Amino acid sequence: LGLDRGRFVTVRNACDPEFLDPVDPALFRNHFGIEGPFLLNVGNIEPRKNQLALIRAARAVGVPLLMLGRVRSEEYAAACRAEAGDLARHLGALDHDDPLLRSAYAACDAFCLPSSLETPGRAALEAAAAGARLVITTEGSTREYFGDAALYVDPTNETDIAQKIAAALAAPRTPALRQRIAADFTWDRALAPLSGLYHALGAEDAER
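Here is a short report on the structure shown in this document. (Residues numbered from 1 in each chain as written. Predicted model: local features only at pLDDT ≥ 70, side-chain atom pairs only at ≥ 80, totals over all residues. Heavy atoms only, no water.)

Overview of unusual backbone geometry
Leaving glycine out, the prevailing phi sign among residues is negative, and the prevailing peptide bond configuration is trans.
Then step 1. At the junction of Thr119 and Pro120, the peptide bond is cis and its omega measures out at 10 degrees in the coordinates.
Then step 2. Secondary-structure assignment places Pro120 in the loop between strand S4 (110-113) and helix H5 (122-129).
Then step 3. The phi dihedral of Asn50 is positive, around 65 degrees, even though this residue is not glycine.
Then step 4. Checked against the element boundaries, Asn50 lands in the loop between strand S1 (39-42) and helix H2 (51-61). (Helix = DSSP H or I, 4+ residues; strand = E, 2+ residues; numbered from the N terminus.)

As structure tokens, then:
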């Protein structure tokens, strides 16, 4: 844009701090009758979220996939259903403040978001806050948020997605990702510098 870089300020995405609060994983499992390990995807059912490739990768690993979210593309959802067979289930959407959503993040064996682009994905921030293992796309700003505490996938490569899922499932759960979110990426943390920016801009306008 030909503007001084000093005029730009990074405004980060964040998640609600209540996703850091412990919740019983059994709440989600009991409500939907879920037993055994499972992968979780939360997002609109649409090509950008790349659930079709995720279903194929889950099949290669042999772990069930549960999907939560609204159908944005019925054609794409139909393709996902045709590919899913008995391995993957779309459970519909949950309200953002529903304890079942937090319980789903806590219960899953890995949260997977192999989208073609993310910012980094509010659901990924929520899952990370809940302590889930994270398998996420390389595309977008994901590394700025999750650093070395997540596994990154090429969304165009189903083999890579499957391999990273397998690696995540074999890795021990660690508090590193949750601690990273708590330190920098809840709304109370993210909004403080934004509030300061608005006040500074207001002061500039007043001087003019």
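Observations regarding the layout of surface pockets
Then step 1. By volume, the largest pocket amounts to about 380 Å³.
Then step 2. Around the largest pocket sit 19 residues that line it, and Val42, Gly43, Asn44, Arg122 and Ala123 are the ones nearest its centre.
Then step 3. Counting residues per element, the ones that place at least two in the lining of the largest pocket are helix H4 (99-107) and H5.
Then step 4. Element by element, the count of residues in the lining of the largest pocket is highest for H5, at 3 residues.
Then step 5. Here the lining of the largest pocket is composed, by residue class, of 7 nonpolar, 5 polar and 7 charged.
Then step 6. What lines the second largest pocket is a set of 16 residues, and nearest its centre among them are Arg133, Leu134, Ala149, Pro172 and Thr174.
Then step 7. The element that contributes the greatest number of residues to the lining of the second largest pocket is helix H8 (residues 176-184), accounting for 3 residues.
Then step 8. Here the lining of the second largest pocket is composed, by residue class, of 10 nonpolar, 2 polar and 4 charged. (1 Å grid on protein atoms, 1.4 Å probe; cavity = no way out; pocket = protein on both sides within 12 Å on 5 of 7 lines; lining within 4 Å. Points joined across faces, edges and corners; volume = space filled by probe spheres on them. Nonpolar A, V, L, I, M, F, W, Y, C, P; charged D, E, K, R; others polar.)

Digging into a nonpolar patch on the surface
Then step 1. Together, Leu1, Leu3 and Phe8 make up a nonpolar patch on the protein surface, roughly 390 Å² of accessible area in all.
Then step 2. Locating Leu3 in the fold gives a position in the segment before helix H1 (25-32).
Then step 3. Note on Leu3: relative accessible area 56%, which makes it exposed. (Patch = residues over 30% accessible without salt bridge, like charges linked within 9 Å, V, L, I, M, F, W, Y side chains within 5 Å. Areas by Shrake-Rupley, 256 points an atom, 1.4 Å probe, with all protein chains shown as cover. Salt bridge = Lys/Arg side-chain N within 4 Å of Asp/Glu carboxyl O. Buried < 20%, exposed > 50% of the residue type's maximum accessible area, 1.4 Å probe, protein only.)

Considerations on H4
Then step 1. When you tally the buried positions in H4, you get 7 out of 9 residues, the bulk of the element.
Then step 2. For H4, the full list of buried residues reads Leu100, Leu101, Arg102, Ser103, Ala104, Tyr105 and Ala107.
Then step 3. The secondary structure elements touched by the buried residues of H4 are H1, S1, strand S2 (65-68), S4 and H5.
Then step 4. Backbone nitrogen of Leu100 and a side-chain oxygen of the N-cap are separated by 2.9 Å at the start of H4; the cap is Asp98. (Contact = heavy atoms within 4.5 Å. Polar contact = N/O pair within 3.5 Å; in protein donor to acceptor, adjacent residues only side chain to side chain.)

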